[in-house]
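Architecture and fold: a report
Listed below, chain by chain, are the residues.
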Amino acid sequence: MSLTKNYHYILNKIPKEVTLVAVSKTKPATDIEVLYNEGQRVFGENRVQELVEKHEALPKDIEWHMIGHLQSKKVKYIAPFVSLIHSVDSFKLLQEIDKQAKKNNRIIDCLLQFHIAKEETKYGFDLEDVTPLIEKELKELQNINIKGVMGMATFTDNEAIVKTEFKSLKSIFDSLKQNYLPNIEIISMGMSGDFELAITEGSNMVRVGSSIFGGRN
Ligand SMILES: *Cc1c(COP(=O)(O)O)cnc(C)c1O
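This next bit is on the overall build of the protein. For the protein, the helix and strand inventory stands at nine helices and eight strands. Rg of the C-alpha trace for the protein: 17 Å, near the compact-globule value of 17 Å for 217 residues, within the 12% margin. Judged by the C-alpha coordinates and their principal axes, the protein covers about 50 × 45 × 30 Å. Out of the 217 residues belonging to the protein, those deemed buried represent 51%. For the protein, the accessible area works out to roughly 10900 Å², and carbon and sulfur atoms hold 48% of it. Separation of charge centres in the protein, based on 28 positive and 30 negative side chains, amounts to 3 Å.

This paragraph deals with the site of the ligand. Around the ligand sit Val23, Lys25, Ile67, Met152, Met191, Ser192, Arg207, Val208, Gly209, Ser210 and Arg216, and that is every residue in its neighbourhood. One nitrogen or oxygen atom from the side chain of Ser192 is found 2.5 Å from an oxygen atom belonging to the ligand. Contacts to the ligand include Arg216, whose side-chain N or O atom sits 2.8 Å from an oxygen atom. Protein chains shield 91% of the accessible area of the ligand, which is 390 Å² for the free molecule. Residue classes in the shell around the ligand are distributed as five nonpolar, three polar and three charged.

Every buried residue of helix 1 (residues 3-11) is listed here: Leu3, Asn6, Tyr7 and Ile10. Viewed along the axis of helix 1, the buried residues span an arc of 100°, placing them on a single side of the element.

The next thing to look at is a positive patch on the surface. A grouping of Arg47, Lys73, Lys74, Lys76 and Lys103 is seen on the molecular surface, where their side chains present a positively charged patch. Locating Lys73 in the fold gives a position in the loop between strand 3 (63-66) and helix 4 (75-78).

Scanning all chains against the criterion turns up two aromatic pairs. Ring centres of Phe43 and Trp64 lie 6.0 Å apart, and the angle between their planes is 40°; on these two criteria the pair is classed as tilted. In this pair, Phe43 sits in strand 2 (residues 42-45) while Trp64 sits in strand 3, placing the two residues 21 residues apart along the sequence. What makes Trp64 buried here is its relative accessible area of 0%. Pairing Phe114 with Phe125 gives two aromatic rings, centres 6.3 Å apart and planes at 50°, and the pair type is tilted. Residue Phe114 is located in strand 5 (residues 108-114), and its partner Phe125 is located in the loop between strand 5 and helix 6 (127-136); the two are separated by eleven residues in the primary sequence. Judged by relative accessible area, Phe114 falls into the buried class, the value being 1%. In this structure Phe125 comes out as buried when scored by relative accessible area, which is 5%. When the ring centre of Tyr36 is taken as reference, the NZ or CZ atom of Arg41 above it lies at 3.6 Å.

Parameters and conventions
- Residues numbered from 1 in each chain as written.
- Predicted model: local features only at pLDDT ≥ 70, side-chain atom pairs only at ≥ 80, totals over all residues.
- Heavy atoms only, no water.
- Helix = DSSP H or I, 4+ residues; strand = E, 2+ residues; numbered from the N terminus.
- Rg over C-alpha atoms; globule rule 2.2 N^0.38 Å.
- Buried < 20%, exposed > 50% of the residue type's maximum accessible area, 1.4 Å probe, protein only.
- Areas by Shrake-Rupley, 256 points an atom, 1.4 Å probe, with all protein chains shown as cover.
- Lys, Arg positive; Asp, Glu negative; His and termini not counted.
- Charge placed at Lys NZ, Arg CZ, Asp CG, Glu CD.
- Near = heavy atom within 4 Å.
- Polar contact = N/O pair within 3.5 Å; in protein donor to acceptor, adjacent residues only side chain to side chain.
- Nonpolar A, V, L, I, M, F, W, Y, C, P; charged D, E, K, R; others polar.
- Arc of directions from axis to C-beta.
- Patch = residues over 30% accessible without salt bridge, like charges linked within 9 Å, V, L, I, M, F, W, Y side chains within 5 Å.
- Salt bridge = Lys/Arg side-chain N within 4 Å of Asp/Glu carboxyl O.
- Phe/Tyr/Trp six-rings, centres within 6.5 Å; stacked < 30°, edge-to-face > 60°.
- Lys NZ or Arg CZ within 6 Å of the ring centre and 35° of its normal.

Read these as layout, nothing more, since geometry by itself doesn't imply function.
In structure tokens form, the structure reads like this:
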């Protein structure tokens, strides 16, 4: 199938109230332009340098989402333009985002990434780490806006495991919203292999790459 066909095939499976983040990492700007011409405006990247280069080369009304692990020292490169950072996994990073946002006279929207997978390698908070942080320190950060949560399920064909992990992110979201952050609204979960299950379990933002753009090397 062509890129355009893949895109519409995926788009048709996603309810209107769910945001599709087209994950364009490793793919050329020309691929992004094809989707841009179909109306897609939200793109996700996982490397700072690639994100900066694509932002410079492509139309300025694209909303760029940072979805990959972010080092504090690189925040300054994306702070002028990034529209949502999905992968906030430490308080130190949050402080740096706040600092760089202030320098740019912006408020940067962020998601807190939670560790929901069994795999050791996935980054993210556990709920117990976050609640003391929210109570004490989040209030001091004036230039960040916590919009919701993000998580990645275990890479497995076992749907029961993935479903349990999505349910755990949904319950983390519910608990944060009820107790600490009444304004949060985004649950970013679901990728090419599991976005339909994620939506069933409450996701309202899916990050889909390979089923739109084709496999990566
Ligand atoms: C690459 C990536 C995706 C998209 O993965 P696909 O399986 O290609 O859809 C989603 N989320 C994150 C954090 C990623 O790094």
